[in-house]
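# Structure at a glance
So you can see what is in the structure, the chains are spelled out below.
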Amino acid sequence: MKRILAYGDSNTWGFDPVTWGSVPMTLERYPEEIRWTGLLQKALGKDAPVLEEGLCGRTTAFDDEECDGRNGLMALPAILKANQPLDAAIIMLGTNDCKSAFNASSKEITAGLELCLKKLLDVVAPENILLISPLYLETAAFDFGFNDRSIAVSRELKQDYKELADKHNTAFLAASDVAIASSLDGQHLTEEGHRTLCEAVLKSIVSMNSR
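All values derive from a computational prediction rather than experimental measurement.

In the structure shown here, the tally under the stated rule is two aromatic pairs. A centroid spacing of 5.0 Å and a plane angle of 25° characterise the contact between Phe62 and Phe102, whose relative ring orientation is stacked. Note that Phe62 is positioned in the loop between strand S2 (50-54) and helix H3 (72-82) and Phe102 in the loop between strand S3 (88-92) and helix H4 (106-121), a separation of 40 residues in sequence. On the basis of relative accessibility, which here comes to 22%, the residue Phe62 falls in the partly exposed class. Exposure remark for Phe102: the relative accessible area of 17% places this residue in the buried category.

Rendered as structure tokens:
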């Protein structure tokens, strides 16, 4: 399998939650050798480029009034064109959709993801797409635009995303099954989480190749 697009939000970008507490606050990412995408690239080798397309704050299909350009559905067509040809794709979105400002249900978020998935299916065969449901949010995320409802919705996404993957015959992985959010901000992968997520993604890719 060659040329794999990894499309997601800050957990694909590799945001380091330790930097939330910096003064002044800066958005910093884990180095390549820690990010799950970088680890995946190392495991797959240079003949299978992993194309990182993560963006902090990206949603499935919601416009964020406080942060321009975060609508994943709107950005995806240009990203697909820029990264052609593509042999496979990994999509992991939904965490930011759980923010209290959007007040979205799991079904509404899943509907947004399905719109993104349909764009991917225009250029990548379903058996070569891995759909990943996001981490479960934790209470530390309350300081960053999330609330109790956000946590509940984040826990419903796993089942709804699994049903979506089955509907379109794509592979599925629940990030919440293999990693937990950092206790610092309740939403981002830790260094260990990046490692365990990469291991799970690699297993999924091996399984996809054998289908």
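Taken as a whole and judged by the stated rule, the model has nine salt bridges. The shortest N-O distance in the salt bridge between Arg29 and Glu52 comes to 3.8 Å. Separated by 23 residues along the polypeptide, Arg29 in the loop between helix H1 (10-13) and helix H2 (36-44) and Glu52 in strand S2 bring together distant segments of the chain. Take Glu52: its relative accessible area is 29%, and that puts it in the partly exposed class. Between Asp177 and Lys158 there is a salt bridge, with the nearest N and O atoms lying 2.8 Å from each other. A residue pair is termed long-range when its members are at least 10 positions apart, and Asp177 in the loop between strand S5 (171-174) and helix H6 (191-209) and Lys158 in helix H5 (residues 148-168) qualify at 19 residues. In this structure Lys158 comes out as partly exposed when scored by relative accessible area, which is 29%. The network of salt bridges with common partners includes Arg29, Arg35 and Glu52.

All right, on to the packing of H2 against H6 then. Closest axis-to-axis distance for the H2/H6 pair is 8 Å, and the angle between their directions is 45°. It follows from the interaxial angle that H2 and H6 lie oblique. Two packed elements cross with a definite hand, and for H2 against H6 that hand is right-handed. For the pair H2 and H6, the contacting residues are Trp36, Leu39, Leu40, Ala43 and Leu44 in the first and His194, Arg195, Leu197, Cys198, Val201, Leu202 and Ile205 in the second. Of the residues that constitute the contact of H2 with H6, the class distribution is 10 nonpolar, one polar and one charged.

On to empty space enclosed by the protein, then. Applying the stated criterion to the full structure yields one cavity of 30 Å³ or more. A volume near 60 Å³ is recorded for the largest cavity. What lines the largest cavity is Asp9, Asn11, Met92, Leu93, Thr95, Pro134, Leu135, Ala175, Leu189 and Leu197.

Thresholds applied
- Residues numbered from 1 in each chain as written.
- Predicted model: local features only at pLDDT ≥ 70, side-chain atom pairs only at ≥ 80, totals over all residues.
- Heavy atoms only, no water.
- Phe/Tyr/Trp six-rings, centres within 6.5 Å; stacked < 30°, edge-to-face > 60°.
- Helix = DSSP H or I, 4+ residues; strand = E, 2+ residues; numbered from the N terminus.
- Buried < 20%, exposed > 50% of the residue type's maximum accessible area, 1.4 Å probe, protein only.
- Salt bridge = Lys/Arg side-chain N within 4 Å of Asp/Glu carboxyl O.
- Axes fitted to C-alpha atoms, helices over the stretch in contact; angles between N-to-C directions.
- Parallel < 35°, antiparallel > 145°, perpendicular 65-115°, else oblique.
- Left-handed = near helix turned anticlockwise from the far one by under 90°.
- Contact = heavy atoms within 4.5 Å.
- Nonpolar A, V, L, I, M, F, W, Y, C, P; charged D, E, K, R; others polar.
- 1 Å grid on protein atoms, 1.4 Å probe; cavity = no way out; pocket = protein on both sides within 12 Å on 5 of 7 lines; lining within 4 Å.
- Points joined across faces, edges and corners; volume = space filled by probe spheres on them.

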